[in-house]
Each structure stands twice: as structure tokens, then as C-alpha cells.
Amino acid sequence: MLWLVPALPLLGSVVSLFFGRRLPKALAGTIASGAVLGAFVVALLAVLEFVAGDTTHPFQQHLFPWIAWGEGRAQVLVAEAGLLLDPLSSVMVLVVTGVGFLIHLYSMGYMAHDPSYPRFFTYLNLFAFSMLVLVLANNFLFMFVGWELVGLCSYLLIGFWFTRPSAASAGKKAFVVNRVGDWGFLVALLLIWTTFGTFQFFADPAVATTGGVLDDPGRVIRDGSLALAIALLLFVGAVGKSAQVPLYVWLPDAMEGPTPVSALIHAATMVTAGIYMVARVHTLYELAPASLAVVATIGALTAIFAASIGLVQTDIKRVLAYSTVSQLGYMFLALGAGAFAAGIFHLMTHAFFKALLFLGAGSVIHALSDEQDLRRMGGLFSPLKVTALTFLAGWLAIIGFPGFSGFFSKDLILAKTLERGLEDPWYLVLYAVALLTVAMTAFYMSRLVFLAFFGRHRGADEGLMPAEARAVPEHEPAAAAGAVATHQRASPVVHASHNSRAADREAHGAHGAHGSTPHESPWIMLIALIVLALLSIGGGWVGIPPFMVGAAGHESPFEAFLAPSVAAHGAAEAHGALEATMEWVATGASVVMAGIGVAIAAALYLAGTPSPADFARRFRQPYLWLLNKWYVDELYQALIAHPGARLAAFLAAFDLGVVDGAVNGIARLSRGTGAALRSVQSGYVRGYAVTMLIGAFAILAFWAFRG
Amino acid sequence: MPPGFALPALPATVPTEAYVVLSAVLFAIGTLGVLLRKNALTIFMSIELMLNAVNVAFVAFARQFGQFDGQIFVFFVMAVAAAEVAVGLGIIVDIFRSRRTVDIDDVSWLRG
């Protein structure tokens, strides 16, 4: 019955596609949400059944042979459509369907006024199906199908409001950047096939097949560089899908999509596909320890880089987008440190609190009639009590406040990195970077919370908050905040860039004229917020490390559960755990760093001493670099997009001038010749007769005077 | 032609040159008729004139050289001319039926 898990959302998608327009809106949304809820229930039952049995061997379900050649016994199966349930995919499938269902529920309220409501749910269900194929597939090729499908859904949903050029181009950007990663994945698949001769992850004792790739890749790969090549190429795919340096640029722009999409796809699930994939194939990575160092380094670099950009962004969704990139970096850091369970643990808690934060941000945007600029918010705590309280839960979770989910998962990552650092000094550097990022995370999230919910409401007509506005050279006071043109002029980014502020405008056409009084969102949206808030608070308790509760051993229950899937076979994790006192010190360090971040944010944005404006003036150059996102988009524009456009223009000119020119030239030559010769065809018979006569004379003359 | 056989020699009263000149004159008249007249029937008759001018030349040279070849060719020409008259007149009649004219310059709708 495992096949029902992806099948239900697919069915929902098909129903929405063909009948969605004819059904009443509420019913269409209910069908879509119900399909995902059904998938969640089925997945839950399947996982419970699996957990009750022997979890050391994955459960596989073979649906049908997909690519095969030969007949009968001689048949060679290249790839099948098959599903796999093991502790790792159990976690993923529950997160995807569980969080996915809550976001479906929320969308029913959020998208209620959108004319393309059925189309939205068609895409959203298709996404749920694709993601479930990705996490449940039992072989590389079927996983790749899901991998590509989620990319497609991401493209469709970022560009959901395709009439707006910025949304259309953001969708295109996401797709193109993802292609770079997919290239790596595809080449890795070719290498895997030529090396192993199979795509199956694991051999299934129930079916007589050859061994799977991941059973013990060391038995086939003796060449370390081959393992390194496969691991790094797969990582290229993960970097693209999970928005790591240098391919992260698409994710902030993906905020052009509706906010539930940002929450579901670009925070909670799809972007974690890379993490899942690396954890899934960790045995390959362990064959090439250098690849793990690369993963960890890229992860740490991304974490601090994205966090630094997030420090100064003014669009509420963009802050969260950079935060997502940064948190994904943490997960890769964990994977790179060999702590695969820690990475997956953070993936899960992050899914809870980041979905919550995005949906909370959506609720704020909804309440303010599509205002996304933090500088125009403030004082929203009392009008939006439920949203604010749930948002605070998410905030405490992400900054790692003790007891909240993010605390346990982030702490585990830091502890594992430190552990690894005791053997390999490079990881100590990464640990320091991660620790610094903790403070930055705490700062930008606190800044967001303080600006949005506390202080006094700076509303639409009071212009920009003077603090940061004055630091921007090209700023003009925004008088009429409603006008889109003003939005763009008031954009803090000095160079032209997509402004996603109007992103959710169309969703709430019915709200029309911007209400001056913020209003709380409908209950259907609040339910999702409340459930996610509870998960953000308590979701981490499955991973409470033993030293905190004085238990023996050094594995938390969550790690123990995942151990059959991701326990290191090689030497990567074959080192002792930290001493309990050391663990406490490490935990204390991260809490202190987070406290420092919150304190700075409170000083700047709550107390106002020193004022953010003075701060920005004093550090003007760094401030501008951060505000403009390190000019990475501009760099890519100059290095890749611009030469690409030039090449395209040249090829277009070549095509028009030379290729088309040759074809058209031949045609023009025939036409010209015809035009010249047609004048001879006068239609007057006597004219022809004269011509014949002249010809006859000419022939006679020729014979006569030939000599 | 079997050896020893020859056409009986005619009295040399009319020299071959006279026939050739006659033939050339008739041919020239026919040519001018084709080129200058607009009536399709007249042009047709002019063509006949040209054909017959050629026939005269054939016959004259046949006699001159004492061979039958030219005379045989004349029969061919006459037969072909008869067939041509049948087809040509048919076309002209049909043109007249549809266009109510036999003026050759009015029948120029095959102009390129």
C-alpha cells in the first residue's frame, strides 16, 4: 500500500487539472488537501508497520519494470518504478506529507481570492507527488524522475503569476540554475551505471537481483578517484537543488511565487532534496573522504555567506529566503562532518520552523494587504496575536533557544563538527564559521521579529523608516506606497533587481485598497500556523542528546532510529564522542553566540541605541556590499549572462544572415531570374514568330560566315 | 534507286534557278504574312504558303539531282500540313467561339 503515498497526490493533481475549474473552490481545495492528508495517513501507517518490524533492512515495493531489454530470463532490468522505505525515507515522507498537508490547508485560505485557484492546487499536488517519488524511489533513475519533476513544479509555481515579468523571469532563473546541478547529477548517473551496472540502491533479498549500488560500494569501486568523481558530481546536483554556493542565486528570486509555495517548496521540502540525496548515498561519500570535506566546506561557506546577506535585507520574504539558504548550509556542514543523522534532524526541524516562519510572514503580508517591506511594518503584535505568537515560536526555534527544536538540531550539528574538528583541524575552522553564523542567524531573525511585531507601526503612509533609508544613496521618500512604481524606486537595492514586494498582490485582489488596520488571517490559515508552532517547539525532542538527560550512550533516539540508514560504514564516524562536559561547553557556546546576536538586534531595533542608521553610516561600504548581496547577481550577469546573451546575439545574426541568407538568397535568385525572363513571354504569337525568324537568320548567318 | 535507272530529262526550258527563286519569293511572302497580319486565318494561310514554297524547292531540287527523295518529302509535308490544318482550324474555331474574335493579338493571355 506504499504506492498509495505518491499515487494519491497524483490523483488529486489530475482531478484538479481536469475538473478543478468546474468544482466549487472550497471543494477543489478540499480534494487537493485531502489527497495529501490521505498520503500522510497512509505513509504514517506504512512507517508504523515498518518500524514494528526489522528496520535494519529497507522495505521495497516493486511496482513495474520501467526500462528493460531482452525477454524472459535473459531480461536485463535497467530501472524499475519501485519504492523504498527505510528510516531515512520514513522521516522524509512524513515531513513531506505532514508539512505539505498543513501548507495545503493554509493555501486554501491564502489563495482563496486567486482566480487561478484550481491551477495552484494542481501544481501543488503534482509537487507533492514528485517529491514523494524523489524520497521513496528505490533506484537512482526513478529518483531522478522525481528530482526533475520537483524542479518543474518549482518552475511552474515560482512563475505562478506569470503575467508579471519578474515572476516569469524568476521561474526561468530557477530552472536554468537547476539545470547546471542536474547536469552533474546526470553525469553521475552515467558513471554509476558504467561502474555498477545497476541503478538499484539496495539489493532486495525477496527478489533475486544483483547487489545494489549502496550496499557496499567499496566492493566494486577500488579506485578512490572514481568514487570522488561520482560523489562530487552528485554533490553538484545537490548544490543546484539545495541552493548552495555558488548556485544559490535562484532561491531568493523564487520568492516571487505565492508565499505557501515559498514555505513548502523553497524552504521545507524541495530544497532539502540535495541533503536527502547526499545522506542516501553517504556510503559513496565515505569512500572518498575528500568529497565530505568539500561538502562541509561548501556548507559552512554558504551558511555564513547567506546569513551575512540576510542581515540587511528589508523584504521579509527575502530575509527568510537567505535564512533558508544559510540553514541548508548547516545541513551540508553536518553531512560533510559525517553526521548524516544530524543533517537529517536539522532538515526535519527546519522544515517545521521555516515553514512556520514563511506561513507567518504570509499571514503578516496578508494582514497588511501585501506589504512585504519590513520598514513599513512594526507594532503588529497586538493586532495579529496568533500570527505573532506562532512566529515567536518559529523565531526561538531558528535561533536555537534552549528547549526549542532548532536548538537540538543545530547543536547536534555544531557538536558533531567540533568532534570532527578534534581529528581534522580544518573542521575546527568550519566550526568557528558555523558558530559565528549562529550569532548572525540570531541577529537577522531578531531584527525581523523586532521590526515586524514590535515598536510602533510605521504603516504605509509614514514613509520609510528613516533609520536604514538614509543609508541608501538613491532613496526617495516613498509617499504613495501603493503604487508599484514607487515600490521600485524605494527599493533598497541600488542596482536594478527583482522586487518581490508585489509578489502576493494578485492573491488578494479582493482586499483591494490597502487597509490601514492590519487584520488577522482566517482560521484555516491559523490552524496550520498553530500546528507548525507546536512542531517547532516540540519537534526537536525526539533528538534530545543523552548527555542532557543524563542517559548513557551518545546517540539521541532520533539518531538511533536513523542509524540503519545512515550509520557510517567507513571510518568517517569511527571516533569517540565528546565528553559530556565538552558537550555542555559546546552547547553553551552556541547559546551565548545566539544571545549576542539577539542582544545586538535588540539594541539596534528595540532600544535604538546606537541607531541602525548611524551603524549603517559608519560601516557604509560593508553595508552596501551586503545590501547588494555581495554583487553576486551582478557578477553572474557580467560573467555568464552577458557573454551568453552576446553569443546568442551573434548566433542569431549568423542564423539570420548566413543560414537564412543562403536559403533566401537562392529563392531571391530564382525569383529575379524569373522576373527577368518573364518579360520575354509577351503572349503575342507574332512576337514569338519574329524571334524564331531572327533565330533562323542567326543560324543561317552562322553557317554562312563560319569560315 | 536501281543503277542504270534515271528520270527522263525534261526539256531545259525552265532552269532550276527559276523554281528556287519562286520558292524563295513564296516563302518570303508567307513569312511576312505570318509576321504582319493579325487575322489568325490569314496567318494560317501564310503558313501554308511557306510550306508550299518549301515543297516547290524540294521538287525542283529533286528534278535537278534526278532523285526521288525530295518528292517523297513533299508527300510527307502535305500529309503533316493536312493534319496541322485540321488541328489548327479546330483551335481557331474554338477561340472564336469563346472570344468572338480571331485577332491573334487579342489571344495573349498566356503572357508570362
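## Considerations on the overall build of chain A
So, step 1. Check the secondary structure of chain A and you find 27 helices and 2 strands.
So, step 2. Within chain A, the fraction of its 707 residues that count as buried is 51%.
So, step 3. Once local pairs closer than 6 in sequence are excluded, the contacts in chain A between residues at least 24 apart make up 79%.

## With respect to the overall build of chain B
So, step 1. Scanning chain B for helices and strands turns up 3 helices and 0 strands.
So, step 2. Mapped in sequence order, the helices and strands of chain B form the string α-α-α.
So, step 3. Going through the 112 residues of chain B one by one, you find that 12% of them count as buried.
So, step 4. In chain B, of all internal contacts separated by at least 6 residues, the share reaching a separation of at least 24 is 49%.

## What about the packing of helix α4 (residues 117-136) of chain A against helix α5 (residues 140-158) of chain A?
All names here are of chain A.
So, step 1. The N-to-C vectors of α4 and α5 enclose an angle of 155°; their axes lie 7 Å apart at closest approach. It follows that α4 is roughly antiparallel to α5 by the angle criterion. In the packing of α4 onto α5, the handedness of the crossing is left-handed. Residues Y123, L126, F127, S130, M131, V133 and L134 of α4 form the contact with α5, whose own contacting residues are F142, M143, V145, G146, W147, L149, V150, C153, L156 and L157.
So, step 2. Per-class residue counts for the contact of α4 with α5 are 15 nonpolar, 2 polar and no charged.

## Describing the interface of chain B and chain A
So, step 1. Taken together, the contacts link 10 residues of chain B with 10 residues of chain A.
So, step 2. Split by residue class, the side of chain B that touches chain A holds 5 nonpolar, 3 polar and 2 charged.

## Details of the pairing of strand β2 (residues 76-85) of chain A
Residues and elements named next belong to chain A.
So, step 1. A large share of β2 lies buried, amounting to 8 of its 10 residues.
So, step 2. For strand β1 (residues 59-69) and β2, the ladder comprises 9 bridges, and the chain directions are antiparallel. Its bridge partner being in β2, I67 is matched across the sheet by A79.
So, step 3. Counting the residues between successive antiparallel strands, the hairpin from β1 to β2 contains 6 residues, one of them, G70, with a positive phi of roughly 85°.

## A word on the confidence of the model for chain A
So, step 1. Across chain A, the average pLDDT comes to 85, with 90% of residues at 70 or higher.
So, step 2. Below pLDDT 50 for its whole length, residues 569-575 of chain A participates in 13 contacts with residues either more than four positions away or in separate chains.

## Things to note about unusual backbone geometry
So, step 1. In this structure, A:P246 follows A:V245 across a cis peptide bond, with omega equal to 5°.
So, step 2. One can find A:P246 in the loop between α7 (224-241) and α8 (250-253).

## A word on the packing of helix α17 (residues 425-453) of chain A against helix α23 (residues 580-607) of chain A
All names here are of chain A.
So, step 1. Running from amino to carboxyl end, α17 crosses α23 at an angle of 35°, the nearest separation of the two axes being 7 Å. As for how α17 packs across α23, the hand of that crossing is right-handed. Counting all contacts with α17, which are made through L435, V438, A439, M440, T441, A442, F443, S446, R447, F450 and L451, the residues of α23 involved are A589, S590, M593, A594, I596, G597, V598, I600, A601, A602, Y605 and L606.
So, step 2. The residue makeup of the contact of α17 with α23, split by class, is 18 nonpolar, 4 polar and 1 charged.

Analysis parameters
Residues numbered from 1 in each chain as written. Chains lettered and ligands numbered in written order. Predicted model: local features only at pLDDT ≥ 70, side-chain atom pairs only at ≥ 80, totals over all residues. Helix = DSSP H or I, 4+ residues; strand = E, 2+ residues; numbered from the N terminus. Buried ≥ 20, exposed ≤ 12 C-beta atoms within 10 Å, placed from the backbone. Contact = placed C-beta atoms within 7 Å. Axes fitted to C-alpha atoms, helices over the stretch in contact; angles between N-to-C directions. Parallel < 35°, antiparallel > 145°, perpendicular 65-115°, else oblique. Left-handed = near helix turned anticlockwise from the far one by under 90°. Nonpolar A, V, L, I, M, F, W, Y, C, P; charged D, E, K, R; others polar. Pairing = 2+ DSSP bridges. pLDDT = per-residue confidence, 0-100.

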